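Below, each chain spelled out in residue letters.
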Amino acid sequence: MSKNKVLQPNFKLSFLLPKYWPTWLGVIVLYTISWLPYKLQLVLGRAIGRLLYRIGKKRRHVAKRNLELCFPDMPAGEVQRILKVNFENTGIALLETGMGWWWPEWRVKRKVKVKGLEHLEEAHKAGKGVLLLAMHYLSVEINCRGIGTGHPMVVFYRPHNNPLMEYFQFRGRGRSNKYMLGKRDVKGLLKALNDGETCVYLPDQDYGRNRSLFVPFFAVPDAATTTGTLIFARNKNTQCHMLIPTRNDDGSGYTIEIKPMLENFPSKDDEADVIRINQELEQAILYKPEQYMWLHRRFKTRPDPEAPSLYK
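Quick look at the structure, then. (Residues numbered from 1 in each chain as written. Predicted model: local features only at pLDDT ≥ 70, side-chain atom pairs only at ≥ 80, totals over all residues. Heavy atoms only, no water.)

1. Section: unusual backbone geometry
Selection rule: Each helix corresponds to a stretch of at least 4 residues labelled H or I by DSSP, and each strand to a stretch of at least 2 residues labelled E; elements are numbered beginning at the N terminus. Only protein chains enter the area calculation, which uses a 1.4 Å probe; residues under 20% of their type maximum are buried, those over 50% are exposed, and those in between are partly exposed.
Residue Pro 266 is bonded to the preceding Phe 265 through a cis peptide linkage, with omega at 0 degrees. Inspection of the secondary structure assignment puts Pro 266 in the loop between β9 (254-258) and α11 (270-285). Phi angles above zero are rare outside glycine, and Ser 176 is one such case at about 70 degrees. Tracing the backbone through its elements, the reader meets Ser 176 in the loop between α8 (163-174) and β4 (179-182). By relative accessible area, which is 18% here, Ser 176 ends up buried.

Laid out in structure tokens, this is it:
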């Protein structure tokens with residue numbers, strides 16, 4: 001097994017400089033809160049989310065616009081309800097970062113239940129690597145730890161721009177999992193799949209015009225959708241499965257569902273394949289649309305670069 005190709009960030013004395021003090025304050029507060037009772041953290045998270053809803057005008061506009069674009073027939077009252085609950089869940093997600101990074105393994109196992117691990121075990125018995133196709137559900141940090149406690153994975157991720165946050169993020173996300181690869185390390189992920197590893201890939205966001213096709217996503221007919229997924233899915237030693245990680249509505253914790261292998265996928269038709277990926281993502285998002293990351297500008301890249309933004 002080759003080692004992680006991301007250069008593991010080490011602690012630097014420069015992290016003690018004043019410019020990092022706000023980051024230290026945020027990390028200390030997050031770490032402290034992570035040790036509070038779980039249901040109290042849910043209450044605090046919702047309160048933070050309601051505050052973000054009031055002060056985050058730009059992000060509120062983006063989330064509302066995404067809902068309107070994806071569900072044009074949805075009554076305005078329902079859009080507003082989902083929007084407010086989505087912000088509450090966003091506040092909870094901030095605290096779930098602390099849970100995912102610092103909770104001891106026994107506490108993660110008590111709160112996270114994984115369904116469908118048998119699909120991964122069957123794949124590995126057959127000598128196959130597994131590409132788990134996931135989406136940006138807001139509880140992603142704690143659920144990444146949750147799967148790793150029972151089935152350690154290789155995590156494909158975007159390094160943080162703040163070096164001190166990257167120091168904590170790298171260690172936090174790497175707990176309970178095997179190793180991490182930067183988002184540009186295509187060869188590293190292909191090697192992991194050929195080594196029979198389980199790898200997580202999130203194809204649901206707008207990654208720009210490069211390696212993308214404009215295909216339907218919900219009611220938007222021309223959403224920029226990455227074809228990068230197909231580089232990995234077409235690897236001969238790979239099975240593709242959908243991964244659906246959600247927070248339980250009753251406050252009991254989290255349920256992660258691993259679906260059976262996608263049959264007859266991929267094909268030799270790029271457009272048909274990315275359309276199918278979007279359809280699978282739509283079904284997964286509809287499990288709990290209030291928990292999806294609607295704050296991302298999913299439709300920022302237009303087929304015509306001169307076309308006006310959908311977020312104006």
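2. Concerning the side chain of Asn 278
Going by this rule: N or O atoms closer than or at 3.5 Å make up a polar contact, with two conditions inside protein: a donor-capable atom paired with an acceptor-capable one, and, for residues adjacent in sequence, both atoms drawn from side chains. Contacts are residue-level and defined by heavy atoms, with any inter-residue pair within 4.5 Å sufficient.
Mapped onto the secondary structure, Asn 278 falls in helix α11. Among the polar contacts made by the side chain of Asn 278, one reaches the side chain of Thr 225 at a distance of 3.0 Å. Look past the residues within four positions of Asn 278 in its chain and what remains in contact with it is Val 215, Pro 216, Phe 217, Thr 225 and Arg 298.

3. Observations regarding the pairing of strand β2 (residues 129-133)
Stated precisely, the cut-off is as follows: Whether two strands pair depends on DSSP finding at least two bridges between them.
Burial analysis of β2 places five of its five residues in the buried class, which makes it a mostly covered element. Here β2 shows a buried face lined by Gly 129, Leu 131 and Leu 133 and a second buried face lined by Val 130 and Leu 132. Pairing geometry for β2 and strand β8 (residues 238-247), over five bridges, is parallel. Bridging from a neighbouring strand, Leu 133 pairs with Met 242 of β8. For β2 and strand β5 (residues 198-201), the ladder comprises four bridges, and the chain directions are parallel. Residue pairing in the sheet places Leu 131 in a bridge with Cys 199 of β5.

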